[in-house]
Each structure stands twice: as structure tokens, then as C-alpha cells.
Amino acid sequence: MMRTVTVLFTSLILATTGAPAQQTFVPRPLSAFARKKAEGYLADRYACLGCHQLNGEGGRIGPDLTDVGRRRPPSYIYAMIRDPQTTRPGTVMPRQLMPPDRVDLLASYLAGASAPGSASGPLFLPDRDPPALTAEPTNGAGLYAKYCASCHGASGNGDGYNAEFLPVPPTRHADSSAMSLRPDDTLFDGIHAGGYILGKSHRMPAFGQIFSSAQIRSLVAHIRTLCRCEQPVWARR
Amino acid sequence: MVLGRKKKKRRSHKQEEVLAQVPPEVPPEMPGFRTGVGRRPWTMRAGFALAGAAVAALVVWTVSRGGGGATLFPPPLPLATVNETAGPTLDDFAGADACAECHQDQYRAWRGSTHGRAGGIPSRDNVIANFDGRPIRFKDAVVIPSVTANDEYVFTVRQDGQDPVVFPVAGVVGGGHMVGGGTQGFLSAFADGTLRFLPFDFIRQEGVWFCNTNTRTDAGWVEITEDMALADCGDWPPLRVFGTEDRFANCQECHGSQITIKLDHETGRYETRVRSLSINCESCHGPARRHVELAQAGELGETADLGGGVRALGLLDEDASLEVCFQCHALKGVIAPGYLPGKDLQSHYALLAPLVGDKPFFPDLRVRTFAYQMNHLASDCYLNGTLNCVDCHDPHGQGYRDIYGQPLAGRFANEQCTSCHASKAVDITSHTNHRVGSPGSRCVSCHMPYLQEQEVGNTLRFARSDHTIPIPRPAFDTALGVENACRGCHQNLSVGRLQEVTDQWYGEVKPLKPIVEGMVRAANGQTVDPAVELLYPDIKHPMAQVAALTILIEDHLQPNMPAMDPEVRRRLEQLADNENVDVRAVALASLHYAAGEDPSTRAFLAGRLGSLAEHDRAIRQRWVLTLGYYGDAFRTSGDQGNAIVLYHKALEVLPEHPGILRNLGLAHNAQRNYAVAIQFFERSLAVDSLQALALVNLGIALENLGRELEAAESYRRALQINGSEALAYFNLGNFHLRRDEFAEAIDQYRRAVAFDPGLALGHFYLGRALIMVNDFPSALTSARKAVEFDPSNAGAREMVAELERVIGGR
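Everything numeric in this text was worked out from a predicted model, so none of it was measured.

Participant: Mind laying out the overall build of chain B, listing which residues take part and the relevant values?
Facilitator: In terms of regular secondary structure, chain B is built from 33 helices and 18 strands. Burial analysis of chain B (810 residues in total) assigns 58% to the buried set. Put simply, 60% of the contacts in chain B that link residues at least 6 apart link residues at least 24 apart. Carbon and sulfur atoms make up 52% of the accessible area of chain B, which totals about 31500 Å².

Participant: I'd love a proper account of the overall build of chain A, names of residues and values included.
Facilitator: Scanning chain A from terminus to terminus reveals eleven helices and two strands. In chain A, buried positions account for 53% of the 237 residues. A separation threshold of at least 6 residues defines the contact pool for chain A, and within that pool the share at least 24 residues apart is 62%.

Participant: Could you give an account of the confidence of the model for chain B, with specific residues and numbers?
Facilitator: Residue and element names in this part refer to chain B. For chain B, the average pLDDT comes to 88, and 90% of its residues sit at 70 or higher. Taken together, the stretch residues 1-69 has pLDDT below 50 and engages in 226 contacts with residues farther than four places along the chain or on a different chain. This model gives residues 81-85 a pLDDT under 50, and the stretch forms eleven contacts once residues within four places in sequence are excluded.

Participant: Can you explain empty space enclosed by the protein? Please cite residues and give values.
Facilitator: Taken as a whole, this structure holds ten cavities of 30 Å³ or more when the rule is applied. Its boundaries defined by the atoms lining it, the largest cavity holds a volume of some 110 Å³. For the lining of the largest cavity, the class distribution of residues is five nonpolar, three polar and five charged.

Participant: How would you summarise the interface of chain A and chain B if you had to cite specific residues and measurements?
Facilitator: With 27 residues of chain A in contact, the opposing surface of chain B contributes 34 residues. Of the roughly 2400 Å² buried between chain A and chain B on both sides combined, carbon and sulfur atoms contribute 58%. It is Phe33(A), Trp234(A) and Arg237(A) that lose the most area in chain A upon contact with chain B, and together they represent 27% of the buried surface on that side. Where chain A meets chain B, there are one salt bridge. The salt bridge involving Asp185(A) is made with Lys424(B); its shortest N-O contact spans 2.7 Å. Linking chain A to chain B there are six residue pairs in polar contact (both at pLDDT 80 or more). Elements represented by at least two residues in the side of chain A that touches chain B include exactly helix H2 (32-45), helix H10 (184-193) and helix H11 (213-227) of chain A. Top element by residues in the side of chain A that touches chain B is H2(A). It accounts for eight residues.

Participant: Before we move on, can you summarise the state of the cysteines with the specific residues and values?
Facilitator: Here the structure, examined in full by the defined rule, presents three disulfides over all chains. Across the disulfide, Cys227(A) is cross-linked to Cys229(A) (sulfur-sulfur distance 2.1 Å). Across the disulfide from Cys227(A) to Cys229(A), rotation about the S-S bond amounts to roughly -85°, and the bridge is consequently left-handed. Judged on exposure class, the residue Cys227(A) and its partner Cys229(A) are both buried. With a sulfur-sulfur separation of 2.1 Å, Cys211(B) is cross-linked through a disulfide to Cys233(B). With the S-S dihedral at roughly -80°, the linkage between Cys211(B) and Cys233(B) falls on the left-handed side. Of this pair, Cys211(B) sits in strand S11 (residues 208-212) while Cys233(B) sits in the loop between strand S12 (221-223) and strand S13 (257-264), placing them 22 residues apart in sequence. Residue classification places Cys211(B) among the buried positions, given a relative accessible area of 0%.

Participant: Tell me about the nonpolar core, and name the residues and values.
Facilitator: Residues and elements named next belong to chain B. Of all hydrophobic cores here, the largest spans 99 residues; its most connected members are Phe361, Met543, Leu572, Tyr593 and Trp623. When residues in this core are grouped by element, the largest group, eleven residues, is from helix H21 (residues 581-595). Apart from residues lying up to four places away in sequence, Met543 is in contact with Leu352, Leu355, Phe361, Leu365, Met374, Asn375, Leu377 and Ala378.

Participant: Account for helix H33 (residues 794-807) of chain B, with residues named and values stated.
Facilitator: Residue and element names in this part refer to chain B. The terminal C-alpha atoms of H33 lie 20 Å apart, and with 14 residues this matches the ideal 20 Å at 1.5 Å per residue to within 8%. Here the buried face of H33 lies against helix H31 (760-772) and helix H32 (776-789). A side-chain oxygen of the first residue of H33 lies 3.1 Å from the backbone nitrogen of Gly795; this N-cap is Asn793. Looking one or two places after H33, you find Gly808, whose phi comes out positive at around 80°.

Participant: With reference to specific residues and values, describe helix H26 (residues 674-687) of chain B.
Facilitator: Compared with the 20 Å implied by 1.5 Å per residue over 14 residues, the 20 Å span of H26(B) between its first and last C-alpha is a close match. Within H26(B), the full set of buried residues consists of Tyr674(B), Ala677(B), Ile678(B), Phe680(B), Phe681(B), Ser684(B), Leu685(B) and Val687(B).

Participant: Give a detailed account of the sheet that holds strand S6 (residues 165-168) of chain B, specifying residues and quantitative values.
Facilitator: Strand pairing in a sheet is mediated by backbone hydrogen bonds. Such pairs are either parallel or antiparallel. All names here are of chain B. In space, the four strands of this open sheet follow the order S3-S4-S5-S6, with antiparallel pairing throughout. Of all the strands in the sheet, just strand S3 (136-137) and S6 have a single pairing partner and so form its edges. Here S3 pairs with strand S4 (residues 141-147) via two bridges, running antiparallel. From the neighbouring strand, Ile136 faces S4, where its bridge partner is Val143.

Participant: So what's going on with the packing of helix H27 (residues 692-704) of chain B against helix H29 (residues 726-738) of chain B? Residues and values would help.
Facilitator: All names here are of chain B. Put simply, H27 and H29 touch, their axes get as near as 9 Å, and they point 20° apart. Between H27 and H29, the angle is such that the two are roughly parallel. For the pair H27 and H29, the crossing hand works out as left-handed. Mapping the contact onto sequence places Leu693, Val696, Ile700 and Glu703 in H27 and Leu727, Ala728, Asn731, Phe735 and Arg738 in H29.

Participant: Give me the lowdown on the packing of H26(B) against H27(B), citing residues and values where you can.
Facilitator: Residue and element names in this part refer to chain B. Interhelical geometry of H26 versus H27 gives an angle of 160° and a closest axis separation of 9 Å. It follows from the interaxial angle that H26 and H27 lie roughly antiparallel. Seen from above, H26 lies across H27 with left-handed handedness. For the pair H26 and H27, contact is made by Tyr674, Ala677, Ile678, Phe681, Glu682 and Leu685 and by Ala694, Leu695, Asn697, Leu698, Ala701, Leu702 and Asn704, respectively.

Participant: With reference to specific residues and values, describe the pairing of strand S8 (residues 183-189) of chain B.
Facilitator: Residue and element names in this part refer to chain B. By the criterion of burial, S8 is predominantly enclosed, with six of the seven residues buried. With three bridges joining them, strand S7 (residues 171-173) and S8 adopt antiparallel strand pairing. By the bridge assignment, Gly171 is partnered in S8 with Leu187. Of the strand pairs in this sheet, S8 and strand S10 (residues 201-203) are connected by two bridges, and their pairing is antiparallel. Along S10, the bridge assignment pairs Gln184 with Phe202. Pairing of S8 with strand S9 (residues 195-197), which is carried by three bridges, proceeds in the antiparallel orientation.

Participant: Give me the lowdown on the environment of Asp358(B), citing residues and values where you can.
Facilitator: Residue and element names in this part refer to chain B. Secondary-structure assignment places Asp358 in the loop between strand S16 (349-350) and helix H9 (380-383). Of the residues examined, Asp358 reaches a relative accessible area of 18% and is grouped as buried. Considered as a pair, Asp358 and Thr369 are eleven residues apart in the sequence and their alpha carbons are 9.5 Å apart.

Participant: Run through unusual backbone geometry, naming residues and quoting values.
Facilitator: A negative phi angle characterises most non-glycine residues, just as the trans form characterises most peptide bonds. Put simply, Trp236(B) and Pro237(B) share a cis peptide bond, and its omega is -10°. Within the secondary structure, Pro237(B) sits in the loop between S12 and S13.

Participant: Run through the packing of aromatic side chains, naming residues and quoting values.
Facilitator: For the structure on display, the rule yields 34 aromatic pairs over all chains. Here the aromatic residues Phe131(B), Phe138(B), Tyr153(B), Phe155(B), Phe167(B), Phe186(B), Phe190(B), Phe200(B), Phe202(B), Trp209(B) and Trp236(B) are joined through ring pairs into a cluster of three or more. Note that Arg72(A) overlies the ring of Tyr76(A), its terminal NZ or CZ placed 4.6 Å from the centroid.

Participant: Run through the environment of Arg203(A), naming residues and quoting values.
Facilitator: Residues and elements named next belong to chain A. Here Arg203 lies in the loop between H10 and H11. Residue class for Arg203 comes out buried when judged on its relative accessible area of 6%. Distance in space between the C-alpha atoms of Arg203 and Gly58 is 9.2 Å, their sequence separation being 145 residues. Beyond its immediate chain neighbours, meaning those up to four positions away, Arg203 contacts Ala43, Ala47, Leu49, Gly50, Glu57 and Pro167. There is a polar contact of 3.0 Å between the side chain of Arg203 and the backbone oxygen of Ala43. Among the polar contacts made by the side chain of Arg203, one reaches the side chain of Glu57 at a distance of 2.7 Å.

The rules behind each value
Residues numbered from 1 in each chain as written. Chains lettered and ligands numbered in written order. Predicted model: local features only at pLDDT ≥ 70, side-chain atom pairs only at ≥ 80, totals over all residues. Heavy atoms only, no water. Helix = DSSP H or I, 4+ residues; strand = E, 2+ residues; numbered from the N terminus. Buried < 20%, exposed > 50% of the residue type's maximum accessible area, 1.4 Å probe, protein only. Contact = heavy atoms within 4.5 Å. Areas by Shrake-Rupley, 256 points an atom, 1.4 Å probe, with all protein chains shown as cover. pLDDT = per-residue confidence, 0-100. 1 Å grid on protein atoms, 1.4 Å probe; cavity = no way out; pocket = protein on both sides within 12 Å on 5 of 7 lines; lining within 4 Å. Points joined across faces, edges and corners; volume = space filled by probe spheres on them. Nonpolar A, V, L, I, M, F, W, Y, C, P; charged D, E, K, R; others polar. Buried area = accessible area lost by both parts, 1.4 Å probe. Salt bridge = Lys/Arg side-chain N within 4 Å of Asp/Glu carboxyl O. Polar contact = N/O pair within 3.5 Å; in protein donor to acceptor, adjacent residues only side chain to side chain. Disulfide = S-S within 2.5 Å. Core = buried A, V, L, I, M, F, W, Y, C linked by side-chain atoms within 4.5 Å. Expected span 1.5 Å × (residues − 1). Pairing = 2+ DSSP bridges. Axes fitted to C-alpha atoms, helices over the stretch in contact; angles between N-to-C directions. Parallel < 35°, antiparallel > 145°, perpendicular 65-115°, else oblique. Left-handed = near helix turned anticlockwise from the far one by under 90°. Phe/Tyr/Trp six-rings, centres within 6.5 Å; stacked < 30°, edge-to-face > 60°. Lys NZ or Arg CZ within 6 Å of the ring centre and 35° of its normal.

Put into C-alpha cells, the structure is as follows:
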């Protein structure tokens, strides 16, 4: 049974990334410097702590990462970083593109962070309690409710339940004066590539790997209904 | 001094000052001879390059009082740790090969990169120029680049009537790597311990030898032809010294790694040390010797500190990451010498200081003269995003990559842009209006076009990609003087037509930032309200804020104005609290400049000076740099009164600053207040006794008071400090010439031109002294040299004609 699951698991990764076959993930031992570096990437570069906690800091959308190494096997952690949607269908966690060695670093850190020496455990099912798969929302309002409202608030007032755990307040999409200065393309780009590229909070993740262009456009259109505003005149053509 | 004025070869302004004050005595035998300098002054900022060392040597502080105000400015805080000796030394660096064992992938990528191949000892592997014995012909010289039987690369310079001179090539700089125009230069070792650039450069694309004529004929970089004189090349005789040395007002510390140059006052020679002529690992990561030792001892594992100052760079924030690259890819104003990677860059250089006065950028901060990539700071990608250099450029291999670190096909790959601007990639043609796959479909063709560096001229292609990442505006760009991006392909279309098409495609485009609009209007001579249009305290745009402040100072302020616009003052006070130290310092200097005697402004300035805390030194140095620059500008324009006012203001901020004291001496000397001038030179020397040129200037002031023996002693003291100081020899020659001690004068002049063969006045006066001992043939040789290096010297030309007539033109 274990063998079957391993093969299945690996093929899922291959199917979505085209990456070289990897039978399993074995965390590498990390130096103190490498651990510090991993913490830096998790907290200060990538969006991870927008949703997850690590050592008491971070959002409440996803599970706490502080002791994830006790709760999940290394290959699961690796796979979730590498391709969350395939590993755990239905999750709101979007895939964040990063170089392979960085996936390896973060997975090694998370797998071993709380249980050094016990990180390279066996593989088992990606999730023992698969979520009930519901139909993915197709319109902007539905997508917004599922993916955005937890931080930005259902009405775009920046008051989602997760907002208080973020170092930078989420953008208030209902703020017509601020939003009327932003072109639709800028909103598109921010959703696609995350807050980092706009000089906003890097804890706003990039959704470009899970949303189609049409979905992002529908989200932008929904945001325009929240602010009841249009983009600047110069951007309308 | 502006770091990074690559290939900009001008004589130190300090030398100009000394030369300008040479008593233009005319021997009665040859009436009509006149002295002439014939060179433009170097940027005046060079006068402050020793600021850091000077402060480090500060021994006395005296309270300075403003002319009419009662508020005393608080003194500087006790010195922090930054000085010439603080931080790493060359011995703390390990060299790239030491990194290879553990960091094999990065080393391999670097080895083949532009940085890894940036230069080296000449060999068949790195020399791209023709060293096959084919001559480079000038109208008055032939230069033969060749390889000797011992595989030594040499230039042999032959000029009529002179012995051939051979310059062995000690180092190669560049390999013609750059797509926009790549060059290769050559270094040779000189007797004074310096490494100097030779004037014969090679450019790969055109495949020709060229030289920079900007300081002579002002024709830019031009291919060497038989129509040119050798002295049309600004670097002939070689003057551009490798490494940052204040004496030469020349910064070349980025054409290699860990380059230091230091004058040994015992031997009178320079000690030049160069770790590598490539740009190595430690140029970015800092000194690694301790790190290597820890790694070799197996002691790295349990410490989060890499050891000895070396650092990982992947997690730096945007500005810190940019600063790594701006060590070299930026113009900079020197505020303290002795920088090495691992030291605090901002303690040694003011990154935005070159915006004060020199105008190297257009009002929209695109490159106007010659600059590097620091105007990325004016791009929307920086201002409205977080883009830094390594988001597109792989720092190890210098390949291209997207925002996620994924390698890209090359410099034209659209994903550099579309990994952020994904909206444009959805239907790229609808944005570009060009066929997919065509040059017009590349983001960089329109938004990062290769623009010729204008100071180079238009003869040879030396273009660099525009890192302000602008929107093409054909009419606006052309009116500004920038080649518009569309013309990169559509050279046959008029600007009007190009504008028409872009209007049709894009309609109204993103407006310029208001501060840029203000600067453009000012540059166009339109009336601007300086408070409203130039001063924006609340924006994030330090580069524009400093640029606008310089416009304010130059166009709208006067020293100690009777009344200052209250709104200007209010906004300047806001800018004086800006996060950026350059912006803060220039804003404070602006207030001090215009209203330093106004009691309330003075109280404000005193308050800010007293609360600078950890920025005390950085702000004061930049503040003094600004006031000193404008003081110099007044002084060189002949307005000694305002120069003196500004210098005294600068002394209020950094009392006993030797550079300011020295320039006060020059200003008073120009006013013929020689006794006062002497006092300031002596005060400057009391703070920093190792200023050979200050001693030369002191000597000139003493001479002006008729104290000739003391003057000669001052020149001799200068030579004790720097035994190769040509100007000290020159003025000693003058001393002896006036006393009819011709043999001694000849000896001193010969030393002067031996150490600075391009010193036209040295040749001229040597010729005059030789005439006095009836050595007409030698005098003719000297007179011809004087003309060669300063054709505008009518006296020298007349001397040549007269001597040719007397001795038959031999």
C-alpha cells in the first residue's frame, strides 16, 4: 500500500510540474545559517506567514507551521510547497514559484524545524481526511469570497478575520479614492504575482499559478464593484 | 569627485587651482609670452574627498557662530568607527578561488560571467585587441601594439625626435562583453607606484582603436586616425590612475576587485594593491577569509554568522540589495576614502551627491551625460514596486531571470517584465501592436532601449539599457534630447508620425510624476512655483527630490536671502526629516544656504543638528559637501564673497574641515588677502598635515606676500609628503627662475615634467629656463611639448617659432 501511494504521489508532482522524477523527499540537515535563511524566506520574502503561523507570528488561514514536522511527513511538506493544489485538492493555498533549491530548503527546515533528526520519515497519504471537493467558484464574487475575503473582508473593507494577524493592513478595495488611482492591469498584476511586486505586503500571495486570466479579470471586475470606481482615465485604453 | 566617470579624464581641479595661480612672469628677453591653462576644471567636488579622513584627524573643535545669529550649532558627535582604517582590510579577503571548493555551482557560473571575465593579466584568452604589430597611426606618432618573444604585451610609442617609449601592459580591463558597445582598456605600471590606464582603447563591435578626447578636443570617444595628434587623447601622457586616489580626482576602483592605492610618505611612492582584475565573489559578498577559515576548520555549522563580514545577499531588502550593485553601478560622491566591500557604503559615498551641480541626468532622470544604472531609482518598478537588480539579473552568471528566479532565454526575454506585469502577457499583441516575435514585441525594445551615452559622442557605439524603464513618448523624449525608443527601429519615421501612432494606439499615457513635470518645466525655462512644483516632501522618490532641490538652490535661492518664501521653507523643513540621508542633508544645506542667519531657521537647523543621532556624521558630511560644492562654484566663477560665506557655513557644520579650510585659503588668495589665505592653509594643515597640495598653495600665498624663502620651504615640505608631486617641483622651478638660478630651475622643471609629462606649463617654463642657459635645441623640444599639450598657449607657439628661426628649425 505504501509503495502504491508513493508512486501515485510522485506522478502527481510530475503531472503538474514536469520536474524530474523524485521518489521521495529526504530533508537535508541544515546549518544554523541555513535555518536562519529559511526563516527569512518564510517570514520576509514569501507569502507563507500571510496565512500560516511560525513561532507565534503569522496568519490564521492555514495550519501552524511551527510544528508541522511533527504532524506531516517530509514529502508531504515538500509537495505542499511545490504544488499545493495537486497535493491537497481544493486548498486555497496557491502555488508560489521559487527555485527548486529553495523548495528543498524550506521543506527541510519545516520538516526538521521542530523535530531535528526525525525528519526523514516514511511517506503516507497526502491527507488522511480529504476535504469535500466543492465546485470551484467561477465568478469574481465567488473567487473573492473564497480566496480574498479572509484578509480583505467580504465587502473589501480590509477587515477579514485574518487581517489582524498581518503586519501590513490589507488593501481596502472599497476605498474608491485609492482604488480609482490604480489601473485594472495593476490589480491584475498584484493578484497574479502577489503584493511583493507592487511594493505592498509580500504576505499577499501570488495567485497566478491557480487562476486563469479570465478568473483574475473577473476578480478585478468584482473589486470595481466593491469600490464603485473605475481605473484612471489614462489607463482605460 | 564623482565616482564612476568612466573614461572621463580630466585633470584634478586642485591642480588647476595651483596652476592658475602661477605668477605669470615673463622674461624680458621674450616679451609677449603668456601662461595658459587651457583645460576645464574638474568637478569641484574633488575638494572634499578627504572629508572623512579629515574628520577622523580632527583634534580641535571650536564653536562657530553664524554671522548675525546667536544660536550656536551643536558640535558633531564623537567620531564613530568609520575612518580609513575601520572595517576590513585587503588581508581579510580570500579571493574567488577560495570560494570554489564549497560553492561550486556559483563559482562555475561566475567564472564564465561578465564579472568573472572582466579583466586580468594579458593573455591570448582575454585580449581582444590587435596586438599583431600593426601600427596605430597618429599624425605625430605611431603606436605599435605587439607581443614580445616573452609573451609580454606592449605598446611602443614613437614620436619624431624622441626616443621610443615602451609601455608593458600590466593588466587588461574589459573584454568587449557589453552588447551596447564593449571596450577593452590597458593598464601599465609607472615609476611612482601607480597603475595607469593607457590612452589606447579598443572597441569590439567596430574593431578599432580609439581614445577619449573629451579633455582635449572635446570630440568624445573617437577612432584613432592619422588626422589626430597623440595629445588629442586626454590620457596622453597617462594620467588616469587605477584605484581611488584623491590627488588625481579619479576613481577607478570598480574595474577590478579590492583595489587600494596609498601614498607611502616615507618613500614618496604609491602602493597599489589589486586583488583581481575580475569582479570577484567578495566584491558583492564582502571579505571571506574568516569564513573560509571557519569552513576549513569545520566550525561553520552551528553559527548563523558566516564569519568575518561575508554575507549572504538573497534576503536583503530592496534598497540594501540595490546598494550591493551601486557599489559600482552608480555615480557617487566621495565623503570618506578607503572603501572596501564589507564597509558601510553610505559612510564612504553619498549616492545622490552627483546630482548636486553636475547634472548627469535629464530632468526625468534618464542619463544625460554618462552614468550607470542607478537611475533605476527613478523607475516605477522601484518607486511603485520592489524591483531590484537581481530580480532580472542572475548575480552569479549574469544571465537573465524572472521575478521568481527562473532562468530566461536572454536579455530580450519578455518574462523579465511579464512575470510581474502578467496582465500585458495575456494578449501581448494588444499591448505592443507589434507582431509576436518581432523586435517591437519585446518589452525592453520600448521600455529599456539602449541609449547612447551622450558624453561618449556618436562616433562609436556605447549604449546602455535605460533603467528608468520609461514609457515611450516620442515627442517628449525628442524635445528633452533623448533618443526615443521607437527610433531604434523606425528611423525613417518622423517624430511627429511616431507620436501620432503612439497616440492612436495608447491614447493618453501614464502622466509623468508631478516632481518630474516641475523639473522638466524648469529645464525648459518655464516659470515654476518652486514650493509647489519642486518640493514634494511626502513622496518616495529620493533621486528626484535631490535633483529638484538642486534646481531650487541654483534657480531660486541666494546665500543669506533677505526673505525666503515661507512655503519653500516649510517644505524644506519637512524634507529635512526625510528618511533618505542625501535628501535630508541637501534640504538642510538649502535652508542653511538661503536662511542660515534667520533666527528661526537657525534655531531649526541647530535643533536638527542636535538630534541627528546615528546619522550625525553622514548628514553633516553630505551637508558640507553641498555647501562646499556651491562655495566652489562661486569661487571658480569669481564670486569670492559668496564662496567665503558658504565655506564658513560649512565650517559651522563640520568645524575645522581641512578641505573647506583649504578652499577658504584659495578664496582669500583670489581676493589677494594673502595673509588670511595663509592662515586658512595653515589651519587646514594643522588638521591634516599630509596635504601636499595644500602646502603648494600655501607656498604660492607666501610668495604673493614676498615671503619667497618660506614659500620654497613649503614646496619642499610638500615633496617630503609626496615625492612625485609635480606641482611642487614646478613651483620650486619658478622660485629658482625668479632668482636667476637657471640650473636649479631647469632641474626642478625637469622633475615636474618627469612626474607629469602632460604638464604643459612645466614644459613651457623649462623651455624658458633652457633659453636662459642658451640650450636652444632642448628649449625647442620643451616648447614643442608645451604646444603639444596646450595648443592654446600662444606664448609657447611663439617660442617654438622663434627658436626654430634661431636654430633653423632642427
